[in-house]
Amino acid sequence: MIAPRLEIDLEKLQFNAQNLVGRLAAKGISVTAVMKATLGAPEIANALLRGGVKMLGDARIENISTMRRGGVSTPMALIRSPMISQVARVVESTELSFNTELDVIRRLSVAAQKTKRVHGIVLMVELGDLREGVMPKDLHETVRQVLRLPNIELKGIGANLACRSGVSPDAVNMGELSALADSIESTSGIILEIVSGGNSANLDWALSGADTGRVNNLRLGESILLGCDPLHRKPIAGLHTDAIKLVAEVIESKVKPSQPWGITAQNAFGAPAPPKTHGHIQQAILAIGRQDIDPEGLAPPAGIEILEASSDHLVVRTQRGHQSVGSEITFQLNYSALLRAMTSPFVSKLWKNQRSIPRSVVAHPETYRFVSC
Ligand SMILES: *Cc1c(COP(=O)(O)O)cnc(C)c1O
């Protein structure tokens, strides 16, 4: 079978989405499924929509275009502030974008007027993680400016935590977001349809029984795809953590000394970890490397230990006997390894439990054309 490959179980992904959608609906919170780790795979989008997700989000307009070309017609949100160079595409392909800069929103307004569309805006507020967001003290003035722009509709406010600095969503920062929503409504007289509290890191807070206030939307990626809580990297009870697996093929298998010989300096990617063992070990090489995965983000099966990775070789120790050349090893992935595997043109995608076969536009190595310069 073609290797390396991601084996993606669409029923398990649908189940994860359904479970989270159901639990959050009880709190009045809708789910926007974040597709950026999937390269906008329409197969996955359709599975999550079957799971009850109402909107899809992505950080990149290219992924949104991939889903549109794949026949996905659900409302979509660009969840990263648009590049000014892409405003025309954003207005054309999305219903909504998340914004932090008036200069960008003004350009979106111009693009929307040109094509006679109305574009929705969610203003992101900085609540301490120090990635994107308008500072809370500037929010009212920003809202005032946005409300004056033609063909722009202010749909709501949002926040994103735990991505840059690991700041946890809690009663204090989420309470501040709710209070901001209330005060904008009372000073400007508009209704904010969306109060988007954050990402998978918000689940602990949202499902803990805390008062969720005005928050009525979360944007979930990792928790649906990997069944994992990104704050503590722990499995979320009741979810599948093996919906997506990575399979790689053995291209060399030999007994070798565990210690290198010769004078050692740095390897291709800096200093290697010192060998933990002495004597000889059963070593295998898999045909996959840093170009395709983050080796630190792979969880090997029992009896396999990851030793080192270079661009195209993953070196493992096998303690489950001789691993024959041509055999395969299956790994679980974390978010970082998944991101890289999904975006590597050398890793194929094998869909499991696919309901119907939508027009697939997800890259397989064969369909990629490389342009040399
Ligand atoms: C990536 C991202 C998300 C989704 O994060 P997960 O941890 O995968 O749930 C949500 N919102 C924004 C703004 C993001 O960039």
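As the structure is a computational prediction, the values presented were derived from the model and not from experiment. (Residues numbered from 1 in each chain as written. Predicted model: local features only at pLDDT ≥ 70, side-chain atom pairs only at ≥ 80, totals over all residues. Heavy atoms only, no water.)

### Some words on the state of the cysteines
Disulfides are covalent bonds that link the sulfur atoms of two cysteine residues. Evaluated as defined, the whole model comprises 0 disulfides. Considering cysteine sulfurs only, C228 is the nearest to C163, which forms no disulfide, with 14 Å between them. Taking the relative accessible area as the measure of exposure, C163 reaches 41% and is therefore partly exposed. For C228, a relative accessible area of 13% puts it in the buried group. (Disulfide = S-S within 2.5 Å. Buried < 20%, exposed > 50% of the residue type's maximum accessible area, 1.4 Å probe, protein only.)

### Quick word on the layout of surface pockets
Volume-wise, the largest pocket comes out at about 820 Å³. Lining the largest pocket are 30 residues; nearest its centre among them are S258, P260, A273, P275 and E308. For the lining of the largest pocket, the secondary-structure elements that each account for two or more residues are β12 (244–257), β13 (280–286), β15 (304–309) and β16 (314–318). Per-element accounting of the lining of the largest pocket gives the leading share, 5 residues, to β15. Partitioned by chemical class, the residues of the lining of the largest pocket number 16 nonpolar, 9 polar and 5 charged. The calculated volume of the second largest pocket comes to roughly 510 Å³. Around the second largest pocket, the lining comprises 23 residues; the ones closest to its centre are K36, R131, C163, N199 and Y335. By residue class, the composition of the lining of the second largest pocket is 11 nonpolar, 5 polar and 7 charged. (1 Å grid on protein atoms, 1.4 Å probe; cavity = no way out; pocket = protein on both sides within 12 Å on 5 of 7 lines; lining within 4 Å. Points joined across faces, edges and corners; volume = space filled by probe spheres on them. Helix = DSSP H or I, 4+ residues; strand = E, 2+ residues; numbered from the N terminus. Nonpolar A, V, L, I, M, F, W, Y, C, P; charged D, E, K, R; others polar.)

### Some thoughts on helix α10 (residues 335–343)
Listed as buried for α10 are Y335, A337, L338, A341 and M342. An end-on view of α10 places all buried positions within 155° of arc, on one side of the element. Capping of α10 at its N-terminal end is provided by N334; its side-chain oxygen lies 3.0 Å from the backbone amide nitrogen of S336. (Arc of directions from axis to C-beta. Polar contact = N/O pair within 3.5 Å; in protein donor to acceptor, adjacent residues only side chain to side chain.)

### Structural notes on the site of the ligand
The ligand sits among 13 residues. The nearest are K36, S200, R219, G221 and E222. Interatomic distance of 2.6 Å between a side-chain N/O atom of K36 and an oxygen atom of the ligand. When the free accessible area of the ligand is taken as 390 Å², the share hidden by the protein chains comes to 94%. The pocket occupied by the ligand, as judged from atoms lying within 2 Å of grid points, is the second largest pocket. Here the residues of the shell around the ligand are counted per class, giving 4 nonpolar, 4 polar and 5 charged. (Near = heavy atom within 4 Å. Areas by Shrake-Rupley, 256 points an atom, 1.4 Å probe, with all protein chains shown as cover. Sits in = over half its atoms within 2 Å of the grid points.)

### Let's talk about the pattern of salt bridges
Considering all chains together, one arrives at 15 salt bridges under this definition. Between E185 and R214 there is a salt bridge, and its shortest N-O distance comes to 2.8 Å. Pair noted here: E185 is in helix α7 (residues 171–188) and R214 is in the loop between α8 (203–206) and β9 (217–220), with a separation of 29 residues, a long-range link. Taking relative accessible area as the criterion, E185 reaches 17% and is therefore assigned buried. Owing to a relative accessible area of 23%, R214 belongs among the partly exposed residues under this scheme. Between E222 and R233 there is a salt bridge, with its nearest N and O atoms 3.0 Å apart. Of the two residues, E222 is situated in helix α9 (residues 222–226) and R233 in the loop between β10 (228–229) and β11 (234–235); the sequence distance between them amounts to 11 residues. Overall, the relative accessible area of 7% leaves E222 in the buried class. (Salt bridge = Lys/Arg side-chain N within 4 Å of Asp/Glu carboxyl O.)

### Re the domain arrangement of the chain
Split into domains, the chain comes out as domain 1 (9–235) and domain 2 (245–372). The gap between the C-alpha centroids of domain 1 and domain 2 is 34 Å. Listed as interface residues are 21 residues of domain 1 and, on the opposing side, 17 residues of domain 2. In total, about 1,900 Å² of surface goes out of reach between domain 1 and domain 2, with carbon and sulfur atoms giving 63% of it. (Domains from an automatic or database assignment. Contact = heavy atoms within 4.5 Å. Buried area = accessible area lost by both parts, 1.4 Å probe.)

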